[in-house]
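Listed below, chain by chain, are the residues.
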Amino acid sequence: MIITMKKSTPQSEIEKLTREFEDKGFSICLIQGTDYNVFGIIGDTTSIDERMLNGNAYVDNVTRIAAPYKKANRLFHPEDTVVDVNGIKIGGQEKIVVIGGPCSVEGEEPLLEIAKGVKEAGGAMLRGGAYKPRTSPYAFQGLGTPGLQYMCKARELYGLPVVSELMSEDKIDEFEEYVDVVQIGARNMQNFSLLKAVGKMTKPVLLKRGLANTIEEWIMSAEYIMAGGNENVIFCERGIRTFEKYTRNTLDLSVIPIIKERTHLPIIIDPSHATGNWKYVESMSLAAIAAGADGLIIEVHNCPEKAWSDGAQSLKVERFQSVIEKGRKIAHVIGRDM
Ligand code: PEP
Ligand code: MN
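Since this is a predicted model, take the numbers as computed values, not measurements.

Draft legend 1. Summary view of the packing of aromatic side chains. Inspection of every chain in the model, using the stated rule, returns six aromatic pairs. Taking 6.0 Å as the distance between ring centres and 40° as the angle between the ring planes, the aromatic pair formed by Tyr131 and Phe175 counts as tilted. Pair noted here: Tyr131 is in the loop between strand 8 (125-127) and helix 4 (145-158) and Phe175 is in helix 5 (residues 172-178), with a separation of 44 residues, a long-range link. Judged on exposure class, the residue Tyr131 and its partner Phe175 are both buried. Here the aromatic cluster, defined as three or more aromatic residues joined through ring pairs, consists of Phe21, Phe26 and Phe39.

Right, dumping it as structure tokens:
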């Protein structure tokens, strides 16, 4: 439920109402601007009598929210959330952020070479999986802890904050220590115990859309993380499963305006997993920027033919650089920097 109070409402009245709702067990999200005071009441608000509220002279408007998500809801939080990753800002009207790096970390030397390329091409952050959600249990599962340590080395050398996928709760301490952004992969988007655990972490979360999940289910997963106290969630669309086989997945770019309309959180696009083919990564990246994405996460490899995972969709550094150069031009057209 959203209660908009008149501009003239005294602070004492706001505090009184806050106490009343809190005493009834609701949690309150209070947004105060120069021209408005808005209460977001979180909980089962069916017991609240709207007529009572409308009888309060300071109440301007009462709206019941049908959407099941509250903390992620733009109605509760009209301003864009800007997530700060070691000084790199994602969301709002900030610079469009490009994250590049290998699907899997394959060793210190190859990772550092790719990280150098990502930095020189204009990338802002480094991605790299150390724990990999592979379809086959016999496929390479990731280097584990050393993989994360190589990511830290790359951050130290090139100043790129690092993003890596967390697959299980038992690795949370390790991720708190090593990574700057915790990725929740498509396959874990509805792993609710993992989402709850990540909700207690101090690091921003990159939440990928599940392989076959609706936008509402995806926002509800963000809500799980936010309900735990971690409000720094970045959505990442990576394509959904459809009947189409020409591409690995089908990139749903319509989520960009929808997520921005419904929530206040940033959204980035992963054209690599969405298409599964390096040839389509550039065009989908440019389209994503034009559609208002706050960033891109792209797989980059120095030798894609030999990559241990996802080589077919990985860009060489020169092509990654071309995406950034062309992307900048599109960004300027829509009034953003990149
Ligand atoms: C990845 O980013 O390497 C990955 C496994 O992505 P997704 O969870 O989107 O499949
Ligand atoms: Mn991958």
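Moving on from the model shown.
Draft legend 2. The sheet that holds strand 11 (residues 205-208), seen in detail. The eight strands lie next to each other as 7-8-9-10-11-12-13-14, forming a closed barrel whose pairing is parallel. Across the sheet, the mean angle from the axis of one strand to that of its neighbour is 25°, orientation sign disregarded. In this structure, strand 12 (residues 233-237) lies alongside strand 13 (residues 267-269), joined through three bridges in parallel fashion. Residue Cys236 lies in a different strand from strand 13, and its bridge partner there is Ile268. In this fold helix 11 (residues 317-333) packs onto strand 7 (97-101) and strand 14 (295-299), with an angle of close to 175° to the strand it touches most, strand 7.

Draft legend 3. Structural view of the nonpolar core. Residues Leu207, Phe235, Ile298 and Phe320 are the most contacted members of the largest nonpolar core, which totals 71 residues. Each of domain 1 (2-63) and domain 2 (83-333) gives at least three residues to this core. Once residues lying within four places of it in the same chain are set aside, the contact partners of Leu207 are Ile184, Met189, Leu195, Trp218, Ser221, Ala222, Ile225, Val233, Ile234, Phe235 and Cys236. Judged by nonpolar contacts, the second largest core, of 15 residues, contains Ile88, Ile99, Met125 and Ile268.

Scoring rules and cut-offs
Residues numbered from 1 in each chain as written. Chains lettered and ligands numbered in written order. Predicted model: local features only at pLDDT ≥ 70, side-chain atom pairs only at ≥ 80, totals over all residues. Heavy atoms only, no water. Phe/Tyr/Trp six-rings, centres within 6.5 Å; stacked < 30°, edge-to-face > 60°. Helix = DSSP H or I, 4+ residues; strand = E, 2+ residues; numbered from the N terminus. Buried < 20%, exposed > 50% of the residue type's maximum accessible area, 1.4 Å probe, protein only. Pairing = 2+ DSSP bridges. Axes fitted to C-alpha atoms, helices over the stretch in contact; angles between N-to-C directions. Contact = heavy atoms within 4.5 Å. Core = buried A, V, L, I, M, F, W, Y, C linked by side-chain atoms within 4.5 Å. Domains from an automatic or database assignment.

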